[in-house]
Amino acid sequence: MNDTKENKEKTGQAHQQWQEGVISPHLNKLGLKNSPTRFYTPADIKNFSFLEDVGFPGQYPFTAGNDPIPKWQAFSEMMAKAETRFEWGTSGAGKYAGFGTAKDYRDYLIRMHSLGRKGAPNIAMDLPTQCGYDSDDPHAEGEVGRVGVAIDSLRDFEIIYEPYIGDLNLDKIASNFTINAPAAVIIAMYAALAGQRGIPINKLRGTPQNDILKEFVGRGTYIFPPGPSLRLFRDTLTFCTKYMPKFNVTSIGGYHMREAGATRAQDLAFSMVIGAAYLQAGVDAGLDIDIFAPRFTFNAFGGSMEFYKEIAFQRAARRMWARMLKERFAAKNPKSMMIRQISTAHIGCSSTQLQRPLNNLVRSVVGAMAAGMSGGLPGVYPPFDEPLGLGHSLEAQQLVYDGTRVLIYEAKLGETLDPWAGSFFMESMTNEIESEAKAEFDKIEQMGGVVAAIENGYMQKAVAKSAYEKQKKIENKEEFVVGVNCFMGPDEIDVQVNRSVEEVYSADLMASAEHRQKESLQRLKNDRDNSLVAQSLKKLRQNAADESINLMPDILSCVKTYATLQEICDVLRNVFGEAKPALI
């Protein structure tokens, strides 16, 4: 395209004439105050440089994507020719799951292995575990094993990983742990288990979520105040960098903040400022940015039904992260500058609706198309019955698989990388989203950074306000959601399909899980050497008072004596204090 200054000026003048001579008369004719559409020209991307602002896929600033050839493309023919549903093998984590006791979850994994699904544990943990409580604590009553598996001690890890031996041993798989506040304890349990098996921990691979700062803004499963929480992140970062170099340190999750109500700009800005705090913690600890930054991953950003904006968001996010790593942190390794995430654009589970749920399939296809055009696998997700409760039906799962396959093999969505590269419209929108996020990022930095912005309640209040404003727009019909606040007349039909839910956890087991877990925990406390437990906890308490000391070795020592998750967290509660919810 001819993007000379003179040409842009001519285009800008012609655009103004078009607005006045063509658009204005049409607005008057249609009785409209403002145009519902917009047309973009070269004037909308002033100072645009293709190489500096977009570049090529796999190269800085990664706007066009991380991969010159996406990995899923390499497997597409194999998947199509497979006689059974393609499984990604044993090295990566399997399906996100977890429920009941460690034995319940272990038995589920054994069943999955019998079906040929031998991926590593991708562990969902129950709320007591996430909040640092043991199953026998009064706070845990009624929640043990409900939304994930109960993890009270190293003994539970030993049980869960019983099926993982031989070709599936810990040095041959990559586990995932969705855990934040007590992530240091969970990482220590994994390292201790490897030690029992004689496996050097420098061979361990896996990903803990370990994104505690977003918990104060999005999910709420925090334990300690923001400052001590960041200290524990630093300790896990330095420990893993030195002793577990193949282990990812964090999986940053803007997704949770968007689902809580954050705007698109807040999602990006908050994710970047949280990531910057984690990076700075490593630099302040004396680590080389190019050694540890490549071990950062992103769980996902949020999503919405706004197709074009979500594509632009992903492009802006990659560029913003890359520039921050290069310009602020002086990274030189291109891998340090890449946002590593499984998914790109999507609609977000909060975009699915309970009313006329089959429409959610259409919504998910829109998100999948945005993913395919923003550097990712065009995955049709979430399943249409997401808002109907836990347990996606077999029919919904089949439509997810087939929807994704249709986009790959029939629509051939992956044939072109970043098809919007150089578009006046898309480059302008990418710039707008990055600029808005950068302004919010700078605002938080001027407050003293993310810890200060959490402590003073700014980020929590901002998300709460955005959530309120979004819901108000829907209720006032300023924004329309099909089947929710419009198109609900008597002629509309709620299309129904069969829903067959595969039972993975029986009601009887669920009903008895809390009792069985408490019994198991009591046996552990009776059988262990409690004097060793007391000694290890005492040392942890002493060292926790000194911020310069890395607590991971002490936590690892506690774990090895079978000190429980809560016993460890209670010691830290006594030293650090407990976080309090922000007043909104």
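Residues numbered from 1 in each chain as written. Predicted model: local features only at pLDDT ≥ 70, side-chain atom pairs only at ≥ 80, totals over all residues. Heavy atoms only, no water.

K.L.:
What exactly am I supposed to notice about the overall build of the chain here?
P.N.:
Summing up its helical and strand segments, the chain has 23 helices and six strands in all. Across its three principal axes, the chain shows a C-alpha extent of roughly 85 × 55 × 50 Å. Of all 584 residues assigned to the chain, the portion counted as buried reaches 52%. Looking at the chain alone, contacts between residues at least 24 apart form 76% of all its contacts between residues at least 6 apart. When the accessible surface of the chain is totalled, it reaches about 27,300 Å², and 53% of it is carbon and sulfur. (Helix = DSSP H or I, 4+ residues; strand = E, 2+ residues; numbered from the N terminus. Buried < 20%, exposed > 50% of the residue type's maximum accessible area, 1.4 Å probe, protein only. Contact = heavy atoms within 4.5 Å. Areas by Shrake-Rupley, 256 points an atom, 1.4 Å probe, with all protein chains shown as cover.)

K.L.:
It is not clear to me how the pattern of salt bridges should be interpreted in this structure. Could you clarify?
P.N.:
Pairing between side chains of opposite charge can happen when the charged atoms of each approach one another. Counting across every chain of the model gives 33 salt bridges. Residue Asp 67 pairs with Lys 71 through a salt bridge whose shortest N-O separation is 3.9 Å. Residue class for Asp 67 comes out partly exposed when judged on its relative accessible area of 27%. Salt-bridge contacts for Glu 492 lead to Arg 356; the nearest nitrogen and oxygen are separated by 3.8 Å. Here Glu 492, found in the loop between α19 (458–475) and α20 (507–527), pairs with Arg 356, found in the loop between α14 (307–328) and α15 (359–372); they are 136 residues apart in sequence, far enough to count as distant. (Salt bridge = Lys/Arg side-chain N within 4 Å of Asp/Glu carboxyl O.)

K.L.:
Which parts of the structure should I look at to understand the pairing of strand β4 (residues 205–208)?
P.N.:
Judged from the four bridges that link them, strand β3 (residues 174–178) and β4 form a sheet pairing that is parallel. Opposite Ala 174, over in β4, you have Arg 205 as the bridge partner. With respect to chirality, the unit in which β3 leads through helix α8 (residues 183–196) into the neighbouring parallel β4 is right-handed. (Pairing = 2+ DSSP bridges. Right-handed = clockwise from strand over helix to strand, strands pointing away.)

K.L.:
It is not clear to me how the pairing of strand β2 (residues 120–124) should be interpreted in this structure. Could you clarify?
P.N.:
The element β2 is extensively covered by neighbouring structure, given that five of its five residues are classed as buried. By the bridge criterion, three bridges tie β2 to β3 in an arrangement that is parallel. Looking at the pairing, Asn 122 lines up with Asn 176 of β3.

K.L.:
Help me understand the side chain of Asp 290 in this model?
P.N.:
With respect to the secondary-structure elements, Asp 290 resides in helix α13 (residues 289–292). For the buried Asp 290, no salt bridge is present, and the opposite-charge side chain at shortest range is Lys 332, 5.7 Å distant. Of the polar contacts made by the side chain of Asp 290, one reaches the backbone nitrogen of Lys 332; its length is 2.9 Å. Polar side-chain contacts of Asp 290 include one of 2.7 Å to the side chain of Ser 336. (Lys, Arg positive; Asp, Glu negative; His and termini not counted. Polar contact = N/O pair within 3.5 Å; in protein donor to acceptor, adjacent residues only side chain to side chain.)

K.L.:
How should the side chain of Asp 137 be read in this particular structure?
P.N.:
Here Asp 137 lies in the loop between α6 (127–130) and α7 (154–160). Despite its burial, Asp 137 pairs with no opposite charge; the closest candidate is Arg 573, at 7.2 Å N-O. One polar contact links Asp 137 to Gln 566, side chain to side chain, over a distance of 2.8 Å.

K.L.:
Just checking my understanding: could you explain the nonpolar core for this structure?
P.N.:
Nonpolar side chains tend toward joint burial in soluble globular proteins. Counting 138 residues, the largest nonpolar core has Tyr 161 and Met 459 as the members making the most contacts within it. In terms of residue count, the dominant contributor to this core is α8 (twelve residues). If we ignore the near neighbours within four places in the chain, the residues touching Tyr 161 are Pro 121, Ile 123, Leu 170, Ile 173, Ser 175, Phe 177, Tyr 190, Leu 193 and Arg 197. (Core = buried A, V, L, I, M, F, W, Y, C linked by side-chain atoms within 4.5 Å.)

K.L.:
Any chance you could explain the packing of helix α21 (residues 530–544) against helix α23 (residues 565–576) here in plain terms?
P.N.:
Helix-helix packing: each pair is described by the crossing angle between the helix axes and the interaxial distance. Orientation of α21 relative to α23, taken along the N-to-C sense of each, is 30°, at an axis distance of 9 Å. One finds that α21 runs roughly parallel with respect to α23. Handedness of the crossing formed by α21 with α23: right-handed. Residues Val 533, Leu 537, Leu 540, Arg 541 and Ala 544 of α21 form the contact with α23, whose participating residues are Glu 567, Ile 568, Val 571, Leu 572, Val 575 and Phe 576. Taken together, the residues that form the contact of α21 with α23 break down as nine nonpolar, no polar and two charged. (Axes fitted to C-alpha atoms, helices over the stretch in contact; angles between N-to-C directions. Parallel < 35°, antiparallel > 145°, perpendicular 65-115°, else oblique. Left-handed = near helix turned anticlockwise from the far one by under 90°. Nonpolar A, V, L, I, M, F, W, Y, C, P; charged D, E, K, R; others polar.)

K.L.:
Sorry, what's going on with unusual backbone geometry here?
P.N.:
Most peptide bonds take the trans configuration, and most residues that are not glycine carry a negative phi. The step from Tyr 60 to Pro 61 runs through a cis peptide bond, and the omega angle for that step is 5°. As for its position among the elements, Pro 61 is in the loop between α2 (50–53) and α3 (71–74). A cis geometry characterises the amide bond from Tyr 381 onward to Pro 382, with omega recorded as 5°. For Pro 382, the position within the fold is in the loop between α15 and α16 (394–410). The phi dihedral of Ala 330 falls on the positive side, at around 60°, and the residue is not glycine. By the secondary structure assignment, Ala 330 is in the loop between α14 and α15. A relative accessible area of 42% places Ala 330 in the partly exposed class. Of note, Asp 418 is a non-glycine position whose phi angle comes to about 40°, a positive value.

K.L.:
Honestly, the packing of aromatic side chains in this entry has me stumped. Any pointers?
P.N.:
The description of an aromatic ring pair rests on the distance of the ring centres and on the angle between the ring planes. Counted by the stated rule, this structure contains 27 aromatic pairs. Each ring, one from Phe 224 and one from Phe 576, has its centre 5.5 Å from the other, and the planes form 85°; the classification is edge-to-face. With Phe 224 in the loop between α9 (212–219) and α10 (226–243) and Phe 576 in helix α23, the pair connects residues that are 352 residues apart, well separated along the chain. On the basis of relative accessible area, Phe 224 is assigned to the buried category, the value being 1%. Among the residues examined, Phe 576 registers a relative accessible area of 14% and is labelled buried. By way of ring pairs, the aromatic residues Phe 157, Tyr 161, Tyr 164, Phe 177, Tyr 190 and Phe 247 are connected into one cluster. The lysine or arginine in question, Arg 155, covers the ring of Tyr 562, its NZ or CZ lying 5.0 Å from the ring centre. (Phe/Tyr/Trp six-rings, centres within 6.5 Å; stacked < 30°, edge-to-face > 60°. Lys NZ or Arg CZ within 6 Å of the ring centre and 35° of its normal.)

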